[in-house]
Amino acid sequence: MSVRSLDRVHALSSNAGLIAAFNLALAAVTGWLLWRSRDWPLIGDATILHFIAEQMRMGAVPYRDIVDINMPLTYGIHAAVVAIGGMSDTAWRAFDLTAAALICAFILLLVAPTGRAAAILAMLAVLVMHLLLGPYAAGQRDFLMSIPAVAAAWASARAAEDHQRRSLWLLLVGALGMTAAFIKPTGVLLLLLPALAMKLSPRAIHWILAGATGVAIAVLAALAASGALGAFIAIMKELLPAYSAMGARPLPEVLAALQWIVPIAGLALAAALSLTAPRALSRTCGKCPQPPRLRVMIGLAAFGLIHLLVQRKGWSYHVYPLGIGLSCWGAWALAALPMSRVLVCIAVTAAVLAWAVLRSMHRVEDYAPLRAAAAMQSALENHLPRGARVQMLDADNGAFLAMARAGMRQATPHIQWYSLLLAKAAVRQDFLAALETNPPAGTLLTNAQWPRWPGFEAADEWPQFQAFLTSHYDLLLTGQEDYIAWRFYLRTR
């Protein structure tokens with residue numbers, strides 16, 4: 001072995017020791033954050049999807065009986081959680097931690113060849129990022145799609161390394177990429193990852209497409225068997241584009257979401273520094289990085305950036321794929337950078353983590369939706385039997401959780417105002433006709449009328465809907481919990 005190679009091995013060993021020492025402190029912080037997260041409640045977008053899962057248990061079929069723009073596998077995941085653990089906070093917390101464990105496992109598999117210390121650092125950084133985002137990020141779709149995303153990156157690297165089983169790895173990449181796409185549509189871009197790891201032959205491309213096609217056929221066949229395929233196509237064609245444009249932000253505001261990947265800032269810096277010394281990352285000696293894996297990790301980070309920009313919303317949980325890609329790439333780079341740069345990256349990581357953790361300690365989570373949900377649930381249970389038909393319209397102000405835990409059945413497919421506000425006049429007329437034909441036992445409205453500002457104008461300024469309420473219902477109860485207001489109408493005439 002040359003003197004240069006010996007110096008390289010010594011540098012890698014020194015880096016690994018320094019990273020391992022930092023991991024001990026980071027593991028302690030992660031453990032504390034995990035303990036503090038043990039009582040995270042079921043809240044936010046998860047309540048909408050749990051409500052839909054509960055309606056599925058009553059026989060409703062997404063798209064056909066419930067108008068919503070999420071992808072099919074999202075409903076399947078929540079249906080499984082509800083079937084196993086019900087609507088409890090504990091079951092949801094257990095599921096979120098299970099999902100986090102799967103992401104961590106695939107990160108370890110992807111980053112492991114550069115050294116155990118670097119792989120553990122990437123895993124801990126992602127876990128800390130997730131825990132600092134708080135309970136509203138638990139089980140988010142972008143978080144869940146990151147499981148097949150990281151797995152597809154690992155399988156792409158293995159396809160370049162394992163020539164004997166290359167076809168199987170490429171088949172797996174195709175299946176994982178399409179699985180991610182049926183959680184969030186951008187996941188289809190993951191099918192391009194193998195092209196970064198190796199030169200693809202027509203045969204290799206066919207294996208990727210075969211895996212993707214197999215998953216697509218299975219999901220679409222399940223939709224067809226349930227009678228929802230036509231409605232799914234219609235919603236994806238007509239409602240999804242309008243919904244995607246709704247609330248779109250300018251590019252600077254979208255990029256402001258990058259503040260949520262602060263916990264991995266040091267690893268992002270390491271990734272950036274590696275661009276100035278690409279040769280250092282391509283040498284092969286012992287546990288040095290292998291080019292195919294490095295290219296795949298950069299591709300995963302690029303996918304995460306595209307995923308953030310395409311959605312145009314800049315919501316905090318949209319950063320998951322980007323944060324995970326940068327963590328893997330940065331940890332890989334950190335193992336090979338000069339010691340001085342490693343020290344700078346670790347110092348940045350320590351500083352921003354200290355700031356983020358201290359900030360989270362002083363942050364008070366707003367659980368107004370949970371308090372409002374408890375009040376609405378009580379109103380429903382005190383005046384209606386389980387299984388009663390109720391027309392509910394909400395966005396994220398607690399009515400979904402109240403309806404699900406009270407066991408109420410949704411009267412029409414419309415569960416949020418946007419499906420009515422963005423729709424053509426004929427859709428609104430059909431909605432009113434369905435209510436008039438078979439008036440539900442109650443109507444539950446909140447002041448969450450996305451895409452409009454909070455209020456009740458969507459209902460109050462709709463004369464036909466007001467006439468329906470007046471002719472069939474009494475306004476029995478109203479409530480106010482912080483910024484959330486709600487109305488419960490009981491059918492009496």
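Residues numbered from 1 in each chain as written. Predicted model: local features only at pLDDT ≥ 70, side-chain atom pairs only at ≥ 80, totals over all residues. Heavy atoms only, no water.

*Asks:* How should I be thinking about the overall build of the protein in this particular structure?
*Replies:* Scanning the protein from terminus to terminus reveals 21 helices and five strands. Here the C-alpha coordinates of the protein stretch approximately 90 × 55 × 40 Å along the principal axes. With 493 residues in all, the protein has 53% of them scored as buried. Summarising the internal contacts of the protein: among those between residues at least 6 apart in sequence, 75% fall at separations of at least 24. (Helix = DSSP H or I, 4+ residues; strand = E, 2+ residues; numbered from the N terminus. Buried < 20%, exposed > 50% of the residue type's maximum accessible area, 1.4 Å probe, protein only. Contact = heavy atoms within 4.5 Å.)

*Asks:* I keep staring at the packing of helix α7 (residues 166-181) against helix α9 (residues 202-226) and nothing clicks. Help me out?
*Replies:* Here α7 crosses α9 at 40°, and the two axes come no closer than 7 Å. Put simply, α7 runs oblique to α9. For the crossing formed where α7 meets α9, the hand is right-handed. Contact residues: α7 offers S167, L170, L171, G174, A175, M178 and T179, while α9 offers R203, A204, W207, I208, A210, G211, A212, V215 and A216. Grouping the constituent residues of the contact of α7 with α9 by class yields 11 nonpolar, four polar and one charged. (Axes fitted to C-alpha atoms, helices over the stretch in contact; angles between N-to-C directions. Parallel < 35°, antiparallel > 145°, perpendicular 65-115°, else oblique. Left-handed = near helix turned anticlockwise from the far one by under 90°. Nonpolar A, V, L, I, M, F, W, Y, C, P; charged D, E, K, R; others polar.)

*Asks:* For this particular structure, what's the right way to read the side chain of H50?
*Replies:* Among the secondary structure elements, H50 is positioned in helix α2 (residues 45-57). Judged by its relative accessible area of 0%, H50 falls in the buried class. Within the local environment of H50, its side chain forms a polar contact with the side chain of H78, the two groups lying 3.0 Å apart. In contact with H50, not counting residues within four places along its chain, are L42, H78, V81, V82, G86, M87 and W92. (Polar contact = N/O pair within 3.5 Å; in protein donor to acceptor, adjacent residues only side chain to side chain.)

*Asks:* It is not clear to me how the packing of aromatic side chains should be interpreted in this structure. Could you clarify?
*Replies:* Aromatic ring pairs: the centre-centre distance and the angle between the two ring planes describe each pair. Going through the model one piece at a time under the given rule, you end up with 15 aromatic pairs. Taken together, the ring pairs in this structure connect W417, F431, W462 and F465 into an aromatic cluster. Here the basic side chain of K313 rests over the ring of W315, its NZ or CZ set 5.9 Å away from the ring centre. Taking NZ or CZ as reference, R487 lies 3.9 Å from the ring centre of F456, over its face. (Phe/Tyr/Trp six-rings, centres within 6.5 Å; stacked < 30°, edge-to-face > 60°. Lys NZ or Arg CZ within 6 Å of the ring centre and 35° of its normal.)

*Asks:* Please explain the packing of helix α12 (residues 265-274) against helix α15 (residues 339-361) as it appears in this structure.
*Replies:* Each pair of packed helices can be described by the angle between their axes along with the distance between the axes. Direction vectors running N to C along α12 and α15 enclose 155°, while the axes themselves pass 7 Å from each other. Looking at the two axes, α12 sits roughly antiparallel to α15. You can see that α12 and α15 cross each other, and the crossing is right-handed. Contacts from A265, G266, L267, L269, A270 and L273 in α12 reach R341, V344, C345, V348, T349 and V352 in α15. Classifying every residue of the contact of α12 with α15 gives nine nonpolar, two polar and one charged.

*Asks:* Would you take a moment to explain unusual backbone geometry for this structure?
*Replies:* Residues other than glycine predominantly adopt negative phi, and peptide bonds predominantly adopt the trans conformation. Here the residue pair W450 and P451 is connected by a cis peptide bond, since its omega of 20° sits within 30 degrees of zero. One can find P451 in the loop between β3 (442-446) and α20 (457-460). One non-glycine residue, R312, adopts positive backbone phi at about 60°. Here R312 lies in the loop between α13 (291-311) and α14 (320-334).

*Asks:* Please explain the pairing of strand β4 (residues 473-481) as it appears in this structure.
*Replies:* For a regular strand, side-chain orientation follows a simple rule: the groups alternate between the two sheet faces. Direction of pairing for β4 relative to strand β5 (residues 484-491): antiparallel, over a ladder of eight bridges. For Q480, the partnering residue across the bridge sits in β5 and is A485. Here β4 folds back onto β5, and the loop between the two strands holds two residues, one of which, D482, carries a positive phi near 60°. (Pairing = 2+ DSSP bridges.)

*Asks:* Please explain the sheet that holds strand β1 (residues 389-393) as it appears in this structure.
*Replies:* Each strand in a sheet pairs with its neighbour through backbone hydrogen bonds, running either in the same direction (parallel) or in the opposite one (antiparallel). A sheet is described by the order of its strands in space; here five strands give the open sequence β2-β1-β3-β5-β4, paired in mixed fashion. In the strand order of this sheet, the two ends are held by β2 (409-410) and β4, each with one partner. Relative to β2, β1 runs parallel, the two being bridged by two bridges. Residue V390 lies in a different strand from β2, and its bridge partner there is Q410.

*Asks:* I tried to follow the pattern of salt bridges on my own but got confused; where do I start?
*Replies:* Pairing is possible between side chains of opposite charge, provided their charged atoms come close. Following the criterion strictly, the structure yields 13 salt bridges and no others. Between D65 and R64 there is a salt bridge; the shortest N-O distance is 2.8 Å. By relative accessible area, D65 is classed as partly exposed at 26%. The partner of D162 in a salt bridge is R165, and the shortest N-O contact between them spans 3.4 Å. Here D162 falls in the buried class, since its relative accessible area comes to 9%. Through salt bridges with shared partners, a single network forms among R158, E161, D162, R165 and R293. (Salt bridge = Lys/Arg side-chain N within 4 Å of Asp/Glu carboxyl O.)

*Asks:* Is there a simple way to explain a nonpolar patch on the surface in this structure?
*Replies:* A grouping of V188, L189, L192, I306 and V310 is seen on the molecular surface, where their side chains present a nonpolar patch of about 410 Å² in accessible area. Positionally, I306 belongs in helix α13. (Patch = residues over 30% accessible without salt bridge, like charges linked within 9 Å, V, L, I, M, F, W, Y side chains within 5 Å. Areas by Shrake-Rupley, 256 points an atom, 1.4 Å probe, with all protein chains shown as cover.)

*Asks:* I keep staring at the side chain of T446 and nothing clicks. Help me out?
*Replies:* On the secondary structure map, T446 appears in strand β3. Only 2.5 Å separates the side chain of T446 from the side chain of D394, close enough to count as a polar contact. With residues up to four places along the chain from it excluded, the contact list for T446 reads M376, L393, D394, A395, N397, A399, G455, F456, A485 and W486.

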